[in-house]
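Observations on chain architecture
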Amino acid sequence: MRALLFTAGALLVFGSGKLIAQTAAADSVRAVEAARAQALLRADTVALSRMIAPEFVEISRLGTRRTRADNIRDIASGELKLTAVRYDSLTVQIYGDVAVLQGIADNTGTFRGFPFAGKIRYTRIFVRRDGRWQAVAMQQTSMQ
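Residues numbered from 1 in each chain as written. Predicted model: local features only at pLDDT ≥ 70, side-chain atom pairs only at ≥ 80, totals over all residues. Heavy atoms only, no water.

**Overview of the overall build of the chain**
Secondary structure summary: the chain contains three helices and six strands in total. In the chain, the succession of helices and strands from N to C terminus is α-α-β-β-α-β-β-β-β. Of all 144 residues assigned to the chain, the portion counted as buried reaches 35%. Relative to all contacts within the chain whose residues are 6 or more apart in sequence, the contacts with residues 24 or more apart total 52%. For the chain, the exposed area adds up to about 8,500 Å²; of that, 62% sits on carbon and sulfur atoms. (Helix = DSSP H or I, 4+ residues; strand = E, 2+ residues; numbered from the N terminus. Buried < 20%, exposed > 50% of the residue type's maximum accessible area, 1.4 Å probe, protein only. Contact = heavy atoms within 4.5 Å. Areas by Shrake-Rupley, 256 points an atom, 1.4 Å probe, with all protein chains shown as cover.)

This is the structure in structure tokens:
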């Protein structure tokens, strides 16, 4: 009976430890997403470059394919300027060194001189490398 109780206790502790690790990882992904919002508002391409993997690909709300280089270039040049970035309903699922973040973004700004605003539902996929999360893919869908 003691062996059974010990085993059950060990599983509970192990399970709790795994849940705590999952929660901490999800919180760290949310922190990267919040830092990304601030970097976008400041047009901080150095910070954004650390958060976006070299192979990053985005499918925009208009269905266009955009690379990391496209994003960094447009922000650096001012062609893409965000004036408000708000996130809602964020969820994060952790799969080892991969995280899937889903949520709603309500962004305002200009792209190539044309104003835009509105909500999108999006999925961003992160990979943990060298102890930090980097975005590798994103898909957006307009909610309007």
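Additional details are given in the paragraphs that follow.
**Some thoughts on helix 3 (residues 68-77)**
Side chains of residues three or four places apart in an α-helix project in the same direction, reflecting 3.6 residues per turn. Listed as buried for helix 3 are Asp70, Asn71, Ile72, Asp74 and Ile75. Residue Gly78 follows helix 3 closely and has a positive phi angle near 90°.

**Description of the pattern of salt bridges**
Using the criterion set out here, one finds ten salt bridges in the structure. Two residues, Glu55 and Arg129, come together in a salt bridge whose shortest N-O distance is 2.4 Å. On the criterion of sequence distance, the pair formed by Glu55 in strand 1 (residues 52-59) and Arg129 in strand 5 (residues 114-129) is long-range, its members being 74 residues apart. The partly exposed category is assigned to Glu55, whose relative accessible area is 39%. Overall, Arg129 belongs to the partly exposed group, its relative accessible area being 30%. (Salt bridge = Lys/Arg side-chain N within 4 Å of Asp/Glu carboxyl O.)

**Some details on the sheet that holds strand 6 (residues 132-142)**
If you trace the six strands from one edge of the open sheet to the other, you get 2-1-6-5-4-3, paired in mixed fashion. A single partner strand is all that each edge strand has here, and the edge strands are strand 2 (65-67) and strand 3 (80-95). Here the average twist between neighbouring strands, direction ignored, is 20°. Packed on one face of the sheet, helix 3 meets strand 1, strand 2, strand 3 and strand 4 (98-111) and runs near 75° to strand 2. (Pairing = 2+ DSSP bridges. Axes fitted to C-alpha atoms, helices over the stretch in contact; angles between N-to-C directions.)

**Looking at the side chain of Glu58**
Tracing the backbone through its elements, the reader meets Glu58 in strand 1. Of the side chains with opposite charge, Arg66 comes closest to the buried, unpaired Glu58, at an N-O distance of 4.0 Å. Among the polar contacts made by the side chain of Glu58, one reaches the side chain of Asn71 at a distance of 3.2 Å. Here Gln140 takes part through its side chain, which lies 2.5 Å from a polar atom of the side chain of Glu58. In this structure, Glu58 is in contact with Thr64, Arg65, Arg66, Asn71, Met138 and Gln140, ignoring residues within four places of it in sequence. (Lys, Arg positive; Asp, Glu negative; His and termini not counted. Polar contact = N/O pair within 3.5 Å; in protein donor to acceptor, adjacent residues only side chain to side chain.)

**Structural notes on the pairing of strand 6**
Bridging between strand 1 and strand 6 involves four bridges; their strand directions are parallel. Each bridged residue has a counterpart across the sheet, and for Glu58 the counterpart in strand 6 is Met138. Where strand 5 and strand 6 come together, ten bridges link them in antiparallel fashion. Following the sheet pairing, Val127 is matched in strand 6 by Gln134. Connecting strand 5 to the next strand, strand 6, in antiparallel fashion are two residues, including Asp130 with a positive phi near 50°.

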